[in-house]
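# Per-entry structural report
Here's the letter readout for the chains.
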Amino acid sequence: MTKKKLLKRKLKEKENKPTASDEKPLPLTRFSDEPEEKKSKWVNKTRVLVFSARGISYRDRHLMNDLRKMMPHSREENKIEKRDNWTIINEMCEMKNCDKCILLEGRRKRDLYMWIANVPIGPCANFLVESVYTMGDLKLTGNCLKGSRPLLSFDGNFSSPHYALLKELFTQVFSVPNHHPKSQPFFDHVLTFSIHDNRIWVRNFQILTESGALAEIGPRFVLNPIKIFEGSFCGATLWENPLYVTPASFRRQLKLAAAGKYLNRKQQKEQYDLNKPEKSYESRTEDEIFGNDAKLVAEKILEESAKNDEENNTEEKWKPGKLFKHNSKKSSTPKLKVNKLKRKKQGGKTSKNKKPKKTKVAKKNKK
């Protein structure tokens with residue numbers, strides 16, 4: 001190296017060296033047991049303990065693994081027994097150097113509950129998890145790098161007091177600390193929290209382009225808030241959802257509605273049997289119709305129907321109080337004779353029965 005380059009390097013090092021005014025003065029007394037402060041950029045050292053209680057299904061276990069992959073600042077722990085006192089969780093978090101906790105609890109082998117807590121002070125929120133879709137179920141096109149930091153997007157409805165508290169809890173739990181050793185130094189996916197139908201819908205999207213195009217990655221689930229407690233897994237209830245219905249009671253309502261349909265159908269059938277006539281219309285069996293030649297059977301049926309029509313027509317023609325009306329071909333008798341016959345039947349005057357008109361001469365003779 002030349003002398004000019006060496007001189008330039010020395011000048012740069014002198015410029016970059018901190019001056020005496022910038023350096024902090026050392027303390028007058030210092031214990032030998034105290035470790036020296038290390039200068040590091042990783043200031044926010046929050047860790048989240050993600051584990052479950054015994055009794056969760058395979059789908060819930062896959063959801064727990066997806067949450068661990070999505071958060072590089074998470075820690076693992078073995079399953080906890082349901083019968084144990086859950087205040088032990090605070091000690092478990094302290095042993096793992098975690099100040100946040102996500103606990104998944106399964107009930108009746110079909111319902112999933114999620115606890116999100118700030119350990120050990122609180123608060124703690126309890127949710128019912130609905131419509132769970134893991135990364136394996138969705139089979140979507142989105143993908144993100146493992147350990148990358150997410151952008152948290154919240155709906156504008158997080159303005160009420162209990163939703164504002166949940167928003168702060170979500171930001172502290174799901175946001176990856178800056179300069180975390182296991183994280184990547186860039187953002188490539190968005191975690192959205194939106195409120196609809198008194199529930200919190202959680203989705204994860206990949207950022208495709210700078211223009212804002214997104215593709216869903218997963219997991220996808222819905223959080224139905226139940227209660228918010230003052231402490232960590234204990235304490236007084238700060239808020240309770242008045243619209244919450246337990247899944248067991250909801251399934252019971254569905255069964256009762258189905259039972260009501262069955263009873264209604266049975267009642268209609270009984271009423272139909274009571275109102276049903278004793279004798280129904282005469283019907284011909286298939287053997288009578290198709291036993292012999294079809295043409296002969298059809299001719300017989302036509303003859304019988306023609307006879308019945310003739311009998312009905314004759315009964316209508318000869319009813320008392322009605323005139324005879326001949327529907328057949330025109331008779332050979334002329335119209336004049338027919339009119340005379342009608343007059344006789346009606347008791348009218350004919351040309352023979354008519355009285356002779358009195359003339360003026362006859363009137364004079366009478367006088």
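Quick caveat: nothing in here was measured; it's all calculated off a predicted structure. The numbers attached to residues start from 1 for each chain and follow its sequence in the written order. It should be noted that, the model being predicted, local features are given only for residues of pLDDT at least 70 and side-chain atom pairs only at 80 or more, the latter also being counted only at that level, while totals for whole chains, interfaces and linings use all residues. Side-chain numbers come from the whole structure's heavy atoms, not from hydrogens or water.

This part takes up the overall build of the protein. Strands here mean DSSP runs of E at least two residues long; helices mean DSSP runs of H or I at least four residues long; both are numbered from the N terminus. Within the protein one finds ten helices and eleven strands. A simple rule labels every residue: compare its accessible area, found with a 1.4 Å probe on the protein chains alone, to the largest value its type can have, and call it buried under 20%, exposed over 50%, or partly exposed in between. Within the span of the protein, comprising 367 residues, buried residues form 29% of the whole. A fraction of 63% describes how many contacts in the protein between residues 6 or more apart in sequence connect residues 24 or more apart. Surface accessibility follows the Shrake-Rupley procedure with a 1.4 Å probe radius. Residue values consider only the protein chains on display as shielding. Of the roughly 28,900 Å² of accessible surface on the protein, a fraction of 52% belongs to carbon and sulfur atoms. Contacts are assigned to residue pairs with any non-hydrogen atoms lying within 4.5 Å of each other.

To continue, consider the packing of aromatic side chains. Centre distance within 6.5 Å is the pairing criterion for rings of Phe, Tyr and Trp, where only the six-membered ring of Trp is used; planes under 30 degrees apart are then read as stacked, over 60 as edge-to-face, and the remainder as tilted. Applying the stated rule across the entire model yields eleven aromatic pairs. The interplanar angle of 80° and the centroid separation of 5.4 Å between the aromatic rings of Phe154 and Phe158 together place this pair among those described as edge-to-face. Phe158 sits in the buried class, given a relative accessible area of 6%. Pairing Phe174 with Phe193 gives two aromatic rings, centres 5.7 Å apart and planes at 50°, and the pair type is tilted. You can see Phe174 sitting in helix α5 (residues 161-174) and its partner Phe193 sitting in strand β7 (residues 187-196), a full 19 residues away along the chain. The rings of Phe127, Phe154, Phe158, Tyr163, Phe170, Phe174 and Phe193 are connected pair by pair, giving a single aromatic cluster. Remark: a charge is flagged as sitting over a ring if the NZ atom of Lys or the CZ atom of Arg is within 6 Å of the ring centre and within 35 degrees of the ring normal. Over the ring of Tyr113 we find Arg107, and its NZ or CZ is 4.1 Å from the ring centre.

In an α-helix, one full turn covers 3.6 residues, which means residues spaced three or four apart are oriented alike. How far a helix is expected to stretch is found by multiplying one less than its residue total by 1.5 Å. In this model helix α2 (residues 58-70) runs 19 Å from its N-terminal to its C-terminal C-alpha over 13 residues, within 8% of the 18 Å that 1.5 Å per residue would give. Burial in α2 covers these residues: Asp60, Leu63, Met64, Asp66, Leu67, Arg68 and Met70.

Before going further, it helps to spend a moment on the pattern of salt bridges. A pairing counts as a salt bridge when a side-chain nitrogen of Lys or Arg comes within 4 Å of a carboxyl oxygen of Asp or Glu. Tallied over the full model, the rule gives nine salt bridges. A salt bridge links Glu105 to Arg107; its shortest N-O distance comes to 3.0 Å. With a relative accessible area of 33%, Arg107 lands in the partly exposed category. Each of Glu130, Asp197 and Arg199 takes part in a single network of salt bridges with overlapping partners.

Here the focus is the side chain of Ser74. Structurally, the position occupied by Ser74 is in strand β2 (residues 74-75). Classification of Ser74 by relative accessible area gives buried; the value is 14%. Residues adjacent in sequence count toward polar contacts only when both atoms are side-chain atoms; beyond that, a polar contact is any pair of N or O atoms within 3.5 Å, and within protein one must be able to donate a hydrogen and the other to accept it. At a separation of 2.8 Å, a polar atom in the side chain of Ser74 contacts the main-chain carbonyl oxygen of Met71. Contacts of Ser74, omitting those with residues within four sequence positions, involve Val48, Val50 and Arg68.

Grouping buried Ala, Val, Leu, Ile, Met, Phe, Trp, Tyr and Cys residues that are joined through side-chain atoms within 4.5 Å yields what is termed a nonpolar core. By size, the foremost hydrophobic cluster in this structure holds 32 residues, and its most contacted members are Phe174 and Ile200. The element that contributes the greatest number of residues to this core is α5, accounting for six residues. If near-sequence neighbours (up to four positions away) are discounted, Ile200 is found in contact with Phe127, Phe158, Tyr163, Leu166, Phe170, Phe193, Ser194, Ile195, Phe221, Val222 and Leu223. Counting residues in each nonpolar core, the second largest holds 17 residues, with Ile89, Met92, Cys101 and Phe229 among its members.

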